Amino acid sequence: MNYLELQNECASALEQAGIENFRNESRWIIQETLQLSSAALYSSAAVPEEQILRIRQLCFRRCQHEPLQYILGTAPFAELELKVNRDVLIPRSETVCLVEYILDKLPPSGTLLDVGCGSGAIALLSASRRKDIAVTAVDKSPGALKIAQDNAMMLELASRVKFVESDLLSQLPSQKFDVIAANLPYVTFDEYAQLADDVRLFEPEMALTAPDEGMALISSLIVSAPEYLRSGGTLALEMSPPQTARAAEELTACGFVQVEIFADQFEKKRFVAACRM
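First, a word on what this report is: a plain description of the structure on this page. (Residues numbered from 1 in each chain as written. Predicted model: local features only at pLDDT ≥ 70, side-chain atom pairs only at ≥ 80, totals over all residues. Heavy atoms only, no water.)

Here we take up the overall build of the protein chain. Of regular secondary structure, the protein chain possesses twelve helices and nine strands. Rg of the C-alpha trace for the protein chain: 21 Å, near the compact-globule value of 19 Å for 277 residues, within the 12% margin. In terms of overall dimensions, the protein chain has C-alpha extents of about 65 × 40 × 30 Å along its principal axes. Buried positions account for 50% of the 277 residues belonging to the protein chain. Roughly 12900 Å² of accessible area belongs to the protein chain as shown, and the carbon and sulfur atoms make up 51% of that amount. Charge-centre separation for the protein chain: the mean point of 25 positive side chains lies 4 Å from the mean point of 38 negative side chains. (Helix = DSSP H or I, 4+ residues; strand = E, 2+ residues; numbered from the N terminus. Rg over C-alpha atoms; globule rule 2.2 N^0.38 Å. Buried < 20%, exposed > 50% of the residue type's maximum accessible area, 1.4 Å probe, protein only. Areas by Shrake-Rupley, 256 points an atom, 1.4 Å probe, with all protein chains shown as cover. Lys, Arg positive; Asp, Glu negative; His and termini not counted. Charge placed at Lys NZ, Arg CZ, Asp CG, Glu CD.)

On the secondary structure map, Pro241 appears in the loop between β7 (229-238) and α12 (244-253). Spatially, the C-alpha atoms of Pro241 and Glu203 are 21 Å apart, while their sequence positions differ by 38 residues. With residues up to four places along the chain from it excluded, the contact list for Pro241 reads Lys268, Lys269 and Arg270. (Contact = heavy atoms within 4.5 Å.)

Our focus in this paragraph is the environment of Ser37. Mapped onto the fold, Ser37 is located in the loop between α2 (22-34) and α3 (38-41). In sequence terms Ser37 and Gln64 are 27 residues apart; their C-alpha atoms lie 27 Å from each other. Here Ala40 takes part through its backbone nitrogen, which lies 3.1 Å from a polar atom of the side chain of Ser37. (Polar contact = N/O pair within 3.5 Å; in protein donor to acceptor, adjacent residues only side chain to side chain.)

What follows covers the packing of helix α1 (residues 3-16) against helix α4 (residues 49-63). Running from N to C, α1 and α4 cross one another at 20 degrees; their axes reach a closest spacing of 9 Å. Here α1 is positioned roughly parallel relative to α4, judged by the angle of their axes. Remark: the crossing between α1 and α4 carries right-handed chirality. Two secondary-structure elements touch here, α1 through Tyr3, Leu6, Glu9, Cys10, Ala13 and Leu14 and α4 through Gln51, Ile52, Ile55, Arg56, Cys59, Arg62 and Cys63. Classifying every residue of the contact of α1 with α4 gives nine nonpolar, one polar and three charged. (Axes fitted to C-alpha atoms, helices over the stretch in contact; angles between N-to-C directions. Parallel < 35°, antiparallel > 145°, perpendicular 65-115°, else oblique. Left-handed = near helix turned anticlockwise from the far one by under 90°. Nonpolar A, V, L, I, M, F, W, Y, C, P; charged D, E, K, R; others polar.)

What follows deals with α12. When α12 is considered as a whole, its buried residues turn out to be Thr244, Ala247, Ala248, Glu250 and Leu251. Looking down the long axis of α12, one finds its buried residues gathered within 165 degrees of arc, a one-sided arrangement. Exposed residues lying more than 90 degrees from the buried face of α12 are Glu249 and Ala253. Where the residues of α12 are buried, they touch α11 (216-224), β7, β8 (257-263) and β9 (269-275). (Arc of directions from axis to C-beta.)

Moving on, we come to the sheet that holds strand β4 (residues 134-139). One open sheet holds the seven strands; their spatial order is β5-β4-β3-β6-β7-β9-β8, and the pairing between them is mixed. The sheet is open, and its two borders are formed by β5 (161-165) and β8, each paired with just one other strand. Geometrically, the sheet is characterised by an average inter-axis angle of 15 degrees between neighbouring strands, direction not taken into account. Here β8 pairs with β9 via five bridges, running antiparallel. By the bridge assignment for β9, Ile261 is matched with Val272. Of the strands in this sheet, β7, β8 and β9 are in contact with α12, which crosses β9 at around 5 degrees. (Pairing = 2+ DSSP bridges.)

These values are about where atoms sit, not about what they do.
If you want it as structure tokens, here you go:
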């Protein structure tokens, strides 16, 4: 069997499993796993037996609808490539809009807190784009923190991002930040039951769902954030678009000002931000 034949076999299996982008994904699985050039991928060279076995194993996992990012072990996030596994959510492109917003709000040599950091996407992209800022990232999952720390080391950002194991802000020492950002769990339990298999069966439920119609953690952070924000500091949150109106009301009730709701690149209003007086 040559590499093109292996690619066709993989693509056929993925197509039968209902994978929409089956041809490209078969190519990515082979090329990334075996570290092949594009030219080698279409060569007539015989594939070593151990490589055939490896690709078939990975193809089988994808046929079970395991996300490609977990299979390959990495996920893109803007210009970064982040290590991911089933301890963390796969970062979504929409969250880049949140990073761009908070970087605009951070003053020179400012301080950023990323709450529920997961793979470290928000914290690490922020630190990568702004060399002057100090970043702290917290998560209550030891497994997620390990992935985030590995990513920081890989991106040579470990000296600039501090990681703390904490359930929201509970384990943080007294400190004031210029910006607090969070993409916390916000999926309702009813919504979770309806999610696609590649999300529901593989991504960590703890990082997806929250009680109180998905708002429990967001509401808790809104209440506790003022103690950790400098005067004039910004709290910026990502959530489901139907939740933004409630979040805006809760921010106003907690004394925040300049409350605004803004959209992602798909024009979905999924972000809410406000300033501490």
